[in-house]
Structures are given as structure tokens and as C-alpha cells.
Amino acid sequence: MQLPSLVEHYLEWKHNRLINLEDDQSSSCHQFQVTAVDIFGLWSSILQLDGEPMLCLASLRAMDGNTSAKCMANAAHMDHHVFPSMYMIAPSDVDIFRHDIHLRLGECDGSQVDKAVNCTDNWKAANSTDEDTVHVFEQTGIFILACRHGIVQTVHCGLTRKRAKYLLVTINKLLNVHGANQAIGSNIGCSLTSTVAASSIWDKPSCNTLQFAVNAFHGHAHNRRCQLENHPLYCHGFGLEDLKTCERIFAGSNAMAPLIHHASHFHYIQYLDLHFDQWDMDRYLELTLSLIADYSKDLDAYRVLYLTQTLNFEAWVSEELEYLKNVVTELMQDALAIKYVEALKLLWKYRLVKV
């Protein structure tokens, strides 16, 4: 069987080199997919025309983790090669935030954020990975960042109990490369602000006006006040985006899981790189058709339904949000009325017992 060897030599030629683990354990070939990003018009700071108005959000992205892409510990442990993938960020860059990972997602300086808007407890997948699972698997999953069109830009392997470091290094890399006015969607985007605020890069997101949001599917399980502040339906600049990009990517990468569960670390990274590289090329070829399918029909339907009617959505959302903020605590007259009704029920119950 010469096919596996042929594939390896092709990939070696494509990436120009192979790295030996004994020579360099922290080397990284990661490159933010800026070539594709420039073509897609997502890097607005470079492709903006003279006199073109600034977008309120320069680009939209989504990030999430997936535990299907596991790899067994001690699988092919004699292979010491490291595959130089452009998707992977070096472990040394991730370890910069090792002192920030004592925080649980949604915590700030050891205290929970306001319970009225904290929704992280509803999502079991956001909790830490079981230690027994970590001992069985060398790699317990992947954590990715992708643009709104499905182009994968960063991949982290080996999810651990301290998952905060992956999102911090991803955010840091994004802001370093793409600058201000970025937006990121996540299942628990409502609590990421406090997590980042308690990290070593606490000032970078605010200085670059980074905005977090919850994706459309998970957003409806968050409380109403959280939705008004973080759901893309109500956030300015998100348009028709649902921010469920990562779930679509994982639906494709899950088919590769049986191939990598017992692979060496070299082949584990190799398969992931090969899959995501082909995935990105397919998304590029389908980009024009997806834009037409996703936006043209919806815009035409909206114009037909609301040809002359003016709908002030932003004012309605602001009014509802202000109302919910004012009724966080129960009004005194409502509490007294409820207590009065409960007292009447208790009195009626005692009267029945005496009869």
C-alpha cells in the first residue's frame, strides 16, 4: 500500500518541511488565513475603498469546541515527528495564558457575574472535562475559530479542564491580526466578557471594541434580558447571521473521527489539516452561491411584506430591555398582593378544617 506514503510526501512537499519533536517542541507554522480573508472581503481595513463608510462590525466569527476529534494516549508513541500545520497555534503561545485559566467561564475575580444575566450554568458542555477522560485520551477534542462564511482560521488540539486559555489565545490572535471592531459568537457569549475582563488581556478587547454574542440557536435558551443584550437578532450589525458556523464545520469533521482516534500525533494533526484545508477550499468555491441563497430571497421577502411600513425595531428592543432592567426585583405592591392572596387561602383552609 503506497497511498499513505504518497499522501505524506505530498503534504511534506506542500508544507516544505517536517519538524522533529526532539529538535523543536514549540515551533509553530500557524498563519491566520488572511489570504482567503482578503479575497472574501472580510479584512475591511485593507480592502476598504476610498470614501466607503465604515462597518459597525468589521467581521463576524464564531468559536466553539468539539470532543469528537479525540486521540488515544500512547497511540503510535514512537513517532516523534510533528506535522507543521498552518491552522494550529503553538502550545507555547497557549501557555502564555496558563496563569489565567484558574477562572471558570463566566467568573470574574472569583465571583459570579449577576445571576439575572448569567446563563452558563445551563450548558453542561461548557463545564470541565472529566479527569478520567483526560487520562484515557491524549487529545480530548478541538477548539476552533471560523469566519461567518465557514473558513476555519485557528484550531487548538487537546481540550483540557482549563478551557479558558484556548479562547483567550484565540481572541488575542484575532485582535493582533485583524484589529478593531470584531465580533465573536459563542454558546455562552454572554459570560465571556467577564472571563476576558479577569485575564491578562483585559484591556485589549475594550480598546479594540470587541463584541461577544450568543448564537441564535442557544440564545433562545438564555433568559430574555440576556437575549436582548447578546442575541444576534437584537444586536446591531449582525444582520441575518445565526453564528452557528462551528456546528456546521463539526458536522463535516465528525466523519473523520474514526480515522484519528488511534493515530499518532503526527497523523492526527495531518488528518485535521488535510480535512480543514479541503473544507476551506470548498467554502471558497461556494461563497457566491451561499451569499445569494442566504440574503437575496430574505431581502426581497422583507420588501414585499413591509413596502411602506416603518418598523422601529431598535426602539422596541431598547424599551423592552429598559423595562426588564427595572423589574429585576419584584415590586412591593405586587409582593404584598401575593402575600394577601396566600393569607386568604390559608384562612379559607383553616375554616374548612373547623367545619
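In the block above lies the structure referred to throughout.
Since the model is a prediction, treat every value here as computed from it, not as a measurement.

Some points on the nonpolar core
Then, number 1: Core analysis: the largest hydrophobic core is formed by 23 residues, its most contacted members being Ile142, Val155, Cys157, Tyr268, Leu272 and Phe276.
Then, number 2: With six residues, helix α13 (residues 265-285) is the single largest residue contributor to this core.
Then, number 3: In contact with Leu272, not counting residues within four places along its chain, are Met88, Ile142, Cys157, Met256 and Ile260.
Then, number 4: Within the second largest apolar cluster, 19 residues are counted, among which are Met63, Ile89, Val196 and Phe212.

Quick notes on unusual backbone geometry
Then, number 1: One non-glycine residue with positive phi stands out, namely Asn181, at about 65°.
Then, number 2: Inspection of the secondary structure puts Asn181 in the loop between α6 (164-178) and β10 (182-186).
Then, number 3: Despite not being glycine, Thr209 shows a phi value in the positive range, around 50°.
Then, number 4: Position of Thr209 among the secondary structure elements: in the loop between α8 (203-207) and β11 (211-214).

Details of the sheet that holds strand β8 (residues 142-147)
Then, number 1: The strand order across the open sheet formed by five strands is β9-β8-β2-β10-β11, and the pairing between neighbours is mixed. Each of the sheet's edge strands pairs with one partner strand only, and the pair in question is β9 (152-157) and β11. Going from strand to strand, the sheet's axes swing by 20° on average, the running direction of each strand aside.
Then, number 2: The strands touched by helix α11 (residues 245-253) are β2 (59-66), β8 and β9; relative to β2, the strand with the most contacts, the crossing angle is about 45°.
Then, number 3: Set on the sheet, α13 makes contact with β8 and β9; between it and β9 the angle comes to about 160°.

Conventions adopted
Residues numbered from 1 in each chain as written. Predicted model: local features only at pLDDT ≥ 70, side-chain atom pairs only at ≥ 80, totals over all residues. Heavy atoms only, no water. Core = buried A, V, L, I, M, F, W, Y, C linked by side-chain atoms within 4.5 Å. Buried < 20%, exposed > 50% of the residue type's maximum accessible area, 1.4 Å probe, protein only. Helix = DSSP H or I, 4+ residues; strand = E, 2+ residues; numbered from the N terminus. Contact = heavy atoms within 4.5 Å. Pairing = 2+ DSSP bridges. Axes fitted to C-alpha atoms, helices over the stretch in contact; angles between N-to-C directions.

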